[in-house]
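Coordinate analysis (summary)
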Amino acid sequence: MTIVEWIKAFVHDISVGIVVTDAAIERPGPIILYANPAFGQLVGRDPVEIVGQSPRFMQGKETRRETLDAFHRTLSSGERFHGYVTNYRGNGAKYRAQIDCRPLRDAEGGIQAFISFEREVVRRVGRPAGSSGGRYGPSSISNDLLPGALRDLGVFAATASE
Ligand SMILES: Cc1cc2nc3c(=O)[nH]c(=O)nc-3n(C[C@H](O)[C@H](O)[C@H](O)COP(=O)(O)O)c2cc1C
């Protein structure tokens, strides 16, 4: 069984968007190896058709370059990237995604792939960054509805547990 088949078996039916890429950070990588149906719904594309592409296809005019630079730096240093990115659906509609992207390591510590947990969020009116609960709230799947195993991993939490 490959790592991708193994992941698919467990996350295919989860309602959190999940996308797995290879470990190549530099263009044309990272290349999508698998996306679950919830990810297809989030980005408004057929999850099978985006396999082989880089996640950059979701980016557009209002995607902040500073955020992408931070994303790139964090992946290069082998750490978890947790942040909010403006992306675009297949039909051009803009949305805000909360992204929790982590390296998948082999037993020797080498990075084999990346896995990203993603959901749509909406701006909370009148809440500055740093106030309790943050500036954005989930619009699709709330923390209460996260599968327990993902909560244990600290998915979407300010600080990951691993
Ligand atoms: C598993 C994974 C999922 C990603 N998902 C997204 C995404 O949903 N939206 C996005 O704009 N970038 C996403 N990225 C980030 C881009 O692929 C890329 O790393 C980013 O644009 C920074 O690199 P660049 O400066 O070379 O473009 C993802 C990366 C990985 C590894």
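Residue numbers restart at each chain and count upward from 1, following the sequence in its written direction. Where totals are concerned, whole chains, interfaces and linings use all residues; where local detail is concerned, this predicted model gives features only for residues with pLDDT of at least 70, and gives and counts side-chain atom pairs only at 80 or more. Note that water and hydrogens are dropped before the side-chain values are worked out from all heavy atoms of the structure.

**A few points about the overall build of the chain**
In this text, helices come from DSSP runs of H or I with a minimum length of four residues, and strands from runs of E with a minimum of two, each type numbered from the N-terminal end. Scanning the chain for helices and strands turns up 4 helices and 6 strands. Note on method: radius of gyration uses C-alpha positions; expected globular size equals 2.2 Å times residues raised to 0.38. In terms of overall dimensions, the chain is globule-like: its C-alpha atoms have a radius of gyration of 15 Å, near the 15 Å expected for 162 residues. C-alpha extents for the chain along the principal axes are approximately 50 × 35 × 30 Å. Any residue under 20% of the maximum accessible area for its type is buried, any over 50% is exposed, and the rest in between are partly exposed; the area is computed with a 1.4 Å probe on protein chains only. Residue burial in the chain is summarised as follows: out of 162 residues, 41% are buried. Whether two residues are in contact is decided by their heavy atoms: any pair within 4.5 Å suffices. Intrachain contacts of the chain at a sequence separation of at least 6 include 44% that bridge at least 24 residues. Per-residue and other accessible areas were derived by the Shrake-Rupley procedure at a 1.4 Å probe size, with only the shown protein chains allowed to occlude residues. Element-wise, carbon and sulfur atoms account for 53% of the exposed surface of the chain, whose accessible area totals about 8,900 Å². In this tally Asp and Glu are treated as negative and Lys and Arg as positive; neither His nor the chain ends contributes. Charge coordinates come from a single atom per side chain, which is NZ of Lys, CZ of Arg, CG of Asp or CD of Glu. Distance between charge centres in the chain, computed from 20 positive and 18 negative side chains, equals 10 Å.

**Notes on helix 3 (residues 65-76)**
Helices are assigned an expected span. That span is 1.5 Å times one less than the residue count. With 12 residues, helix 3 extends 16 Å between its outermost C-alpha atoms, agreeing within 8% with the 16 Å of an ideal straight helix rising 1.5 Å per residue. Among all positions in helix 3, only Thr67, Leu68, Phe71, Thr74 and Leu75 are buried. The buried residues of helix 3 occupy an angular sector of 125° when the element is viewed end-on, so they sit on one face. Here the buried face of helix 3 lies against strand 3 (81-88), strand 4 (94-105) and strand 5 (111-123). Downstream of helix 3 by a residue or two, glycine 78 has a phi angle that is positive, lying close to 75°. Of all possible arcs, the one meant is that of the directions from the helix axis to the C-beta atoms.

**Quick look at the site of the ligand**
Taken together, the neighbourhood of the ligand is formed by 20 residues, with Arg56, Gln59, Arg65, Asn87 and Glu118 sitting nearest. Identification of polar contacts relies on pairs of N or O atoms within 3.5 Å, with a donor-acceptor requirement for protein atoms, meaning one able to donate a hydrogen and the other able to accept it, and with residues adjacent in sequence counted only if both atoms are side-chain atoms. Within the side chain of glutamine 59, a nitrogen or oxygen atom sits 3.0 Å from an oxygen atom of the ligand. Measuring from an oxygen atom of the ligand, one finds a side-chain N or O atom of glutamate 118 at 2.7 Å. Summarising the interface, the protein chains cover 97% of the accessible area of the ligand, which totals 610 Å² for the free molecule. If you list the elements that add at least two residues to the shell around the ligand, you get strand 1 (17-22), helix 3, strand 3, strand 4 and strand 5. At 5 residues, the largest contribution of residues to the shell around the ligand is made by helix 3. Think of it as three bins: nonpolar holds Ala, Val, Leu, Ile, Met, Phe, Trp, Tyr, Cys and Pro, charged holds Asp, Glu, Lys and Arg, and polar takes everything else, Gly as well. For the shell around the ligand, the class distribution of residues is 11 nonpolar, 5 polar and 4 charged. Here a residue counts as near a molecule or strand whenever at least one of its heavy atoms sits within 4 Å of it.

No statement about biological role is implied by the geometric values presented.
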